[in-house]
Amino acid sequence: MIPRSYRRRSIVLVVAAGTLSPPSVLSAQGRGAGQGPSQWWWSASAAVQGSRLTCDFCDPDRDFGPSLGFGAGAYASPRLRVGVDGSWATSTEEGTRESIYAAGFVAELHPNQGSGLHLVGGLGWAGYRAGDFSYDAVRLRLGAGWDLPLAGPWVVGNRLTWDASAFASLHNDGAPVVRDVGLGTMTFGLYVGRR
């Protein structure tokens, strides 16, 4: 089981690294004014994720652990990126390893093309595994992030997302044991990508 003090320190370190990066230095190394994005994009992320199953018998505490993610796709317009993404997160609760998997379609919209701010939306699948227990459901993703340009098409940034799933059953060895279970995950982390 990961001590709560370690979890809190991990979250503070990720937040500090993402928010204290000097944007003026990073922007100075970015693309020239005449260069637009490439046809394809991809990104890889490392994050801290807090997750919780919600049901009558579920533990109400949120479990925190590391998360890794990847996304790739194409540009629908200069302001809109579309593609697929996937992630994996893990934590240990009372000696049991819990894993959360997610995959699906994603869209990232830049409301202001001159700004690094982008909004994230997605639809896909979420899966929970802990020993003999399993959960699979449709996942809705919402969030926001900020791109900071590096050299050429490379960017770094931070992103906060919220995934929500509901109305699925928690299974034990394939048999449903609790119905109408929800799964909520909040993820904050850093990413590097090619735009």
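Structure's up top.
Below or above, wherever it landed, is the structure these notes cover. Residue numbering note: each chain is counted from 1, following its sequence as written. With pLDDT at 70 or above as the cut-off, local features in this predicted model cover only qualifying residues; side-chain atom pairs require 80 or more to be listed or tallied, and sums for whole chains, interfaces and linings still use all residues. Side-chain descriptors were evaluated using all non-hydrogen atoms of the structure, hydrogens and water having been removed beforehand.

A few points about the packing of aromatic side chains
Okay, step 1: Ring pairs shown here join Phe, Tyr and Trp side chains whose ring centres sit within 6.5 Å, with only the six-membered ring taken for Trp; geometry is labelled stacked below 30 degrees between planes, edge-to-face above 60, and tilted in between. For the structure shown, the criterion picks out two aromatic pairs.
Okay, step 2: Every member of this aromatic cluster is reached through a ring pair, and the members are W42, F70 and W154.

Observations regarding the pattern of salt bridges
Okay, step 1: Whenever Lys or Arg places a side-chain nitrogen within 4 Å of a carboxyl oxygen from Asp or Glu, that contact is recorded as a salt bridge. Across all of its chains, the model carries 10 salt bridges by this definition.
Okay, step 2: The shortest N-O distance in the salt bridge between R81 and D147 comes to 3.5 Å. With R81 in strand β3 (residues 80–93) and D147 in strand β6 (residues 133–149), this pair connects stretches of sequence that are 66 residues apart.
Okay, step 3: R81 gets classed as buried once you look at its relative accessible area, which sits at 2%.
Okay, step 4: A relative accessible area of 8% places D147 in the buried class.
Okay, step 5: Between R159 and E108 there is a salt bridge whose closest N-O contact spans 3.6 Å. On the criterion of sequence distance, the pair formed by R159 in strand β7 (residues 154–172) and E108 in strand β4 (residues 96–109) is long-range, its members being 51 residues apart.
Okay, step 6: Here R159 falls in the buried class, since its relative accessible area comes to 15%.
Okay, step 7: Judged by relative accessible area, E108 falls into the buried class, the value being 3%.
Okay, step 8: Where salt bridges share partners, they join R81, E108, D147, R159 and R195 into one cluster. Helix and strand definitions here come from DSSP, where helices need a minimum of 4 consecutive H or I residues and strands a minimum of 2 consecutive E residues; each element is numbered from the N-terminal end. The buried label applies to any residue whose accessible area, calculated with a 1.4 Å probe on protein chains only, is under 20% of its type's maximum; exposed applies above 50%, and partly exposed to all values in between.

Describing the environment of G50
Okay, step 1: Mapped onto the elements, G50 comes out in strand β1 (residues 40–54).
Okay, step 2: For G50 and G65, which are 15 residues apart along the polypeptide, the C-alpha to C-alpha distance reads 6.7 Å.
Okay, step 3: We call two residues in contact whenever any of their non-hydrogen atoms come within 4.5 Å of each other. For G50, the residues in contact, after removing those within four places along its chain, are R62, D63, F64, G184, T185 and M186.

So, the sheet that holds strand β2 (residues 63–77)
Okay, step 1: Whether two strands pair comes down to DSSP finding at least two bridges between them. Here eight strands make up a closed barrel; going around it, the order is β1-β2-β3-β4-β5-β6-β7-β8 and the pairing antiparallel. Ignoring strand direction, the axes of neighbouring strands in this sheet form an average angle of 20°.
Okay, step 2: With 12 bridges joining them, β1 and β2 adopt antiparallel strand pairing. Bridged to A44 within β2 is F70. All axes are obtained by fitting lines to C-alpha atoms, using only the stretch in contact for helices, and the reported angles, taken between N-to-C directions, cover 0 to 180 degrees.

As for the environment of D163
Okay, step 1: For D163, the position within the fold is in strand β7.
Okay, step 2: A sequence separation of 22 residues divides D163 from R141, and the C-alpha atoms of the two residues are 4.4 Å apart.
Okay, step 3: Those residues in contact with D163, other than ones at most four positions away along the chain, are A102, R139, L140, R141, L183, G184 and T185.
Okay, step 4: Under this definition, polar contacts are N or O atom pairs within 3.5 Å; protein pairs additionally need one hydrogen-donor-capable and one acceptor-capable atom, and for neighbouring residues in sequence, both atoms have to be side-chain atoms. Polar contacts involving the side chain of D163 include one to the side chain of R141, which spans 2.7 Å.

As far as function goes, none of this settles anything; it's purely spatial.
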